[in-house]
Amino acid sequence: AQSVTQPDIHITVSEGASLELRCNYSYGATPYLFWYVQSPGQGLQLLLKYFSGDTLVQGIKGFEAEFKRSQSSFNLRKPSVHWSDAAEYFCAVGTGNQFYFGTGTSLTVIP
Amino acid sequence: DAGVIQSPRHEVTEMGQEVTLRCKPISGHNSLFWYRQTMMRGLELLIYFNNNVPIDDSGMPEDRFSAKMPNASFSTLKIQPSEPRDSAVYFCASSRFWGETQYFGPGTRLLVL
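Residues numbered from 1 in each chain as written. Chains lettered and ligands numbered in written order. Predicted model: local features only at pLDDT ≥ 70, side-chain atom pairs only at ≥ 80, totals over all residues. Heavy atoms only, no water.

Participant: Can you walk me through the overall build of chain B in this structure?
Facilitator: From N to C terminus, chain B includes zero helices and 11 strands. The N-to-C order of helical and strand elements in chain B reads β-β-β-β-β-β-β-β-β-β-β. At 13 Å, chain B has a C-alpha radius of gyration in line with the 13 Å of a compact globule built from 113 residues. In terms of its C-alpha atoms, chain B occupies a principal-axis envelope of roughly 35 × 25 × 25 Å. (Helix = DSSP H or I, 4+ residues; strand = E, 2+ residues; numbered from the N terminus. Rg over C-alpha atoms; globule rule 2.2 N^0.38 Å.)

Participant: So what exactly am I meant to see when it comes to a nonpolar patch on the surface here?
Facilitator: A cluster of nonpolar side chains, namely B:Val12, B:Leu111 and B:Leu113, defines an oily patch on the protein surface of about 290 Å² accessible area. B:Leu111 gets classed as partly exposed once you look at its relative accessible area, which sits at 40%. (Patch = residues over 30% accessible without salt bridge, like charges linked within 9 Å, V, L, I, M, F, W, Y side chains within 5 Å. Areas by Shrake-Rupley, 256 points an atom, 1.4 Å probe, with all protein chains shown as cover. Salt bridge = Lys/Arg side-chain N within 4 Å of Asp/Glu carboxyl O. Buried < 20%, exposed > 50% of the residue type's maximum accessible area, 1.4 Å probe, protein only.)

Participant: Looking at this model, I keep getting lost on the interface of chain A and chain B. Mind explaining?
Facilitator: You'll often see interface size given as the accessible area lost when the parts meet. Contact with chain A, which involves 19 residues of that partner, is made by 20 residues of chain B. Counting each side, the surface lost to burial between chain A and chain B is near 1600 Å², with a carbon and sulfur contribution of 55%. On inspection of chain A and its partner chain B, the count reaches zero salt bridges. Linking chain A to chain B there are three residue pairs in polar contact (both at pLDDT 80 or more). Within the residue set of the side of chain A that touches chain B, elements represented by two or more residues are strand E5 (32-38), strand E6 (44-50), strand E10 (87-95) and strand E11 (98-101) of chain A. In terms of residue class, the side of chain A that touches chain B is made up of nine nonpolar, nine polar and one charged. (Contact = heavy atoms within 4.5 Å. Buried area = accessible area lost by both parts, 1.4 Å probe. Polar contact = N/O pair within 3.5 Å; in protein donor to acceptor, adjacent residues only side chain to side chain. Nonpolar A, V, L, I, M, F, W, Y, C, P; charged D, E, K, R; others polar.)

Participant: Would you explain the pattern of salt bridges in this entry?
Facilitator: Side chains that carry opposite charge are capable of pairing whenever their charged atoms lie near each other. Scanning all chains against the criterion turns up 12 salt bridges over all chains. Across the pair A:Lys78 and A:Asp85 runs a salt bridge whose closest N-O atoms are separated by 2.8 Å. You'll find A:Lys78 and A:Asp85 in the same group, each marked buried. Ionic pairing is found between B:Arg41 and B:Glu44, a salt bridge with its closest N-O pair at 2.7 Å. Taken together, the shared-partner salt bridges in this structure form one network comprising B:Glu62, B:Arg64, B:Glu83, B:Arg85 and B:Asp86.

Participant: I'm lost on the nonpolar core in this one. Help?
Facilitator: Soluble, globular proteins show a tendency: their nonpolar side chains are buried together. By size, the foremost hydrophobic cluster in this structure holds 26 residues, and its most contacted members are A:Leu19, A:Trp35, A:Leu47, A:Leu48, A:Phe74, A:Leu76 and A:Tyr89. Tallying contributions element by element places E10(A) first for this core, with four residues. Apart from the residues within four sequence positions on either side, A:Leu47 is in contact with A:Trp35, A:Tyr36, A:Val37, A:Gly59, A:Ile60, A:Lys61, A:Phe63, A:Leu76 and A:Tyr89. Formed by 21 residues, the second largest nonpolar core is a distinct cluster that contains B:Phe49, B:Leu77, B:Tyr90 and B:Cys92. (Core = buried A, V, L, I, M, F, W, Y, C linked by side-chain atoms within 4.5 Å.)

Participant: What is the right way to read the packing of aromatic side chains from this model?
Facilitator: Two aromatic rings are characterised by how far apart their centres lie and by the angle between their planes. All names here are of chain A. Going through the model one piece at a time under the given rule, you end up with 16 aromatic pairs over all chains. Considering the side-chain rings of Phe90 and Phe101, the 6.5 Å spacing of their centres and the 80° angle between planes classify their relative orientation as edge-to-face. With Phe90 in strand E10 and Phe101 in strand E11, this residue pair connects regions lying 11 residues apart in the sequence. Take Phe90 and Phe101: they sit in the same class, and that class is buried. (Phe/Tyr/Trp six-rings, centres within 6.5 Å; stacked < 30°, edge-to-face > 60°.)

Participant: Explain the state of the cysteines here, please?
Facilitator: Cysteine pairs can be covalently joined through their sulfur atoms, and such a bond is termed a disulfide. Evaluated as defined, the whole model comprises two disulfides over all chains. The partner cysteine of A:Cys23 in its disulfide is A:Cys91, sulfur to sulfur 1.9 Å. On the sign convention where negative means left-handed, the S-S torsion of about -65° between A:Cys23 and A:Cys91 marks this disulfide as left-handed. Taken together, the positions of A:Cys23 in the loop between strand E3 (19-21) and strand E4 (24-26) and A:Cys91 in strand E10 put the pair 68 residues apart, joining distant regions of the chain. Each member of the pair A:Cys23 and A:Cys91 is classed as buried. Paired by a disulfide, B:Cys23 and B:Cys92 hold their sulfur atoms 1.9 Å apart. (Disulfide = S-S within 2.5 Å.)

Everything listed here is a matter of geometry and, on its own, says nothing about what the molecule does.
Structure representation (structure tokens):
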């Protein structure tokens, strides 16, 4: 069965530090891959997506993600975190007629 | 563009009552999605429409749930009768077509007492 795993429920980083959020998926073929961010009380906003081509994808707000087929991973990175990045981050996989979201990683940014 | 519009933003109802959630997708988008978000189960896709036609409703939890899309600019998600375990945030999202970027509405926070 298809699945999306975000192993880190909660991460705390200092402002200015680098960030990596992990995402692993289980699917036979290469799915469509997405990262969304959700601020409290808000809907989800797309950060970036991967369909094909270059495995390093640039997104909004300075985020990037790298697709690694051999590891079935699509980790999200940011070189320097800002306090406004504190939010919930969701990895998602689109396959066939279905979308699967990970359980999310909550990011806290400390001054 | 106003983005995806959902109404109501909050709904409090009593068990057994009918609840109707509404969604207006972004103009020109051909795909519409209904999601449910809870602490226990995270974000779940309930149903998705393409060109107003339901394509996959395998995520709809029970027969108490139904969704319609009578035209390209309006969709409803109905729960009848509602139960306390239906309490959640329900999101509507739309995209130009399936696989493209989904744009989410602000959600409807439902509380069933």
